[in-house]
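Here's the letter readout for the chains.
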Amino acid sequence: MSDFIQEFTFNPFSENTFVVWNGDNECVIIDPGMSNRYEQQELVAFLDANDLTPIALINTHCHIDHVLGNAFVFDKWGLKPIMHLDAMQTLLMATRSAEMFGINYDPSPQPARFLNDGDFFALGDLQFQVLLVPGHAPGHIALYLEKSGVVFAGDVLFNGSVGRTDLPGCDAKQLVHSIQEKMYALPDETVVYCGHGPATTIGQEKKSNPFVRPGFSVLL
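Residues numbered from 1 in each chain as written. Predicted model: local features only at pLDDT ≥ 70, side-chain atom pairs only at ≥ 80, totals over all residues. Heavy atoms only, no water.

Peer 1: Just checking my understanding: could you explain the sheet that holds strand 8 (residues 126–132) for this structure?
Peer 2: Backbone hydrogen bonds hold the strands of a sheet together, and the pairing may be parallel or antiparallel. Pairing is mixed in the open sheet, where six strands are placed in the order 7-8-9-10-13-14. What marks the edges here is a single partner per strand, and that holds for strand 7 (120–123) and strand 14 (200–201). Here three bridges tie strand 9 (residues 141–145) to strand 10 (residues 150–154), and the two strands are oriented antiparallel to one another. If you follow L145 over to strand 10, its bridge partner there is V150. (Pairing = 2+ DSSP bridges. Helix = DSSP H or I, 4+ residues; strand = E, 2+ residues; numbered from the N terminus.)

See the structure below:
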């Protein structure tokens, strides 16, 4: 784990929430998945202990496990989510999804603004490049920090796996294209922080991911 990134694993889906900060102690919260007050307290305790001030909330996509903490972040720090416009259709389904899984969910506030493919989001000296990588979910984005050599991939690419494609709005061919054209185009040494499970690297996945190899799909 880089010294400016903190990972938390929250909620029944073991979703990874990330806090990324700059030299001015400003931070962005990526995919807040807190599902109860203990997880909320864990996040707040870390921010307080490190004197970090949240200035943005970014959702890579809006499946229920990645937005469970949106309302808390808004109530605590006044931050509305930032996402891709196409992710709105999934966000609007979040209440129904929570009911289906039997999870308590305070509805997310409406987005503050939308990000597009190729946009840059600045956190002081950190420049997140937005990569549109749909397939697992509409409007799914990854956040690439070129100078730091890291990418926050959400649920597109995992260590030895890829995002599922059997949910509403999923598209297997689109996911393969996103991985091959966007993720695998990054330098091999790029560290991939995933929405579930351990981190990996682009080079490792290009070499051994059993689902998508450079240039062709295996099982999707």
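Now that the structure is up, let's keep going.
Peer 1: Looking at this structure, I do not really get the pattern of salt bridges. What am I missing?
Peer 2: Should the charged atoms of two oppositely charged side chains come close, the side chains can pair. Here the structure, examined in full by the defined rule, presents three salt bridges. The partner of K182 in a salt bridge is D117, with the nearest N and O atoms 3.2 Å apart. In this pair, K182 sits in helix 6 (residues 172–183) while D117 sits in the loop between strand 6 (113–114) and strand 7, placing the two residues 65 residues apart along the sequence. Taking the relative accessible area as the measure of exposure, D117 reaches 40% and is therefore partly exposed. One salt bridge in this structure joins R164 and D166, with 2.6 Å as the shortest N-O distance. Judged by its relative accessible area of 45%, R164 falls in the partly exposed class. (Salt bridge = Lys/Arg side-chain N within 4 Å of Asp/Glu carboxyl O. Buried < 20%, exposed > 50% of the residue type's maximum accessible area, 1.4 Å probe, protein only.)

Peer 1: Teacher, can you tell me more about the nonpolar core here?
Peer 2: As a rule of thumb, nonpolar side chains are buried together in soluble globular proteins. One finds V19, V20, V28, F128 and F152 to be the most contacted residues of the largest nonpolar core, which totals 37 residues. In this view, V28 contacts F18, V19, V20, A56, L57, I58, F121, L123 and F128; residues no more than four positions away in its chain are not counted. Formed by 20 residues, the second largest nonpolar core is a distinct cluster that contains F158, I179, Y184 and I202. (Core = buried A, V, L, I, M, F, W, Y, C linked by side-chain atoms within 4.5 Å. Contact = heavy atoms within 4.5 Å.)

Peer 1: Looking at this structure, how should I read the environment of G154?
Peer 2: Inspection of the secondary structure puts G154 in strand 10. Residue class for G154 comes out buried when judged on its relative accessible area of 4%. Note: C-alpha distance between G154 and V67 (87 residues apart in sequence) is 12 Å. When sequence neighbours within four positions are dropped, the list of residues in contact with G154 reads D31, T60, H140, Y193, C194 and G195.

Peer 1: Any chance you could explain the sheet that holds strand 6 here in plain terms?
Peer 2: With mixed pairing, six strands are arranged side by side in an open sheet as 1-2-3-4-5-6. At either margin of the open sheet sits one strand with a lone partner, and together these are strand 1 (5–10) and strand 6. Relative to strand 6, strand 5 (residues 81–83) runs parallel, the two sharing two bridges. Among the inter-strand pairings, I82 is bridged to a residue of strand 6, identified as R113. Docked against the sheet, helix 1 (residues 37–49) engages strand 1, strand 2 (15–21), strand 3 (26–30) and strand 4 (53–58), running at close to 170° with respect to strand 1. Strands in contact with helix 3 (residues 70–77) are strand 3, strand 4 and strand 5; relative to strand 4, the strand with the most contacts, it is inclined by about 150°. (Axes fitted to C-alpha atoms, helices over the stretch in contact; angles between N-to-C directions.)

Peer 1: Before we go on, may I ask you to explain the packing of aromatic side chains in this structure?
Peer 2: The geometry of an aromatic ring pair is captured by two quantities: the separation of the ring centres and the angle between the planes. Using the criterion set out here, one finds ten aromatic pairs in the structure. Summarising the aromatic geometry, the rings of F8 and F10 are spaced 5.5 Å apart at their centres and angled 10° between planes, so their arrangement reads as stacked. Like F8, the residue F10 is buried in the burial classification. Their ring planes at 80° and their centres at 5.6 Å tell us that F8 and F46 sit as a pair that is edge-to-face. (Phe/Tyr/Trp six-rings, centres within 6.5 Å; stacked < 30°, edge-to-face > 60°.)

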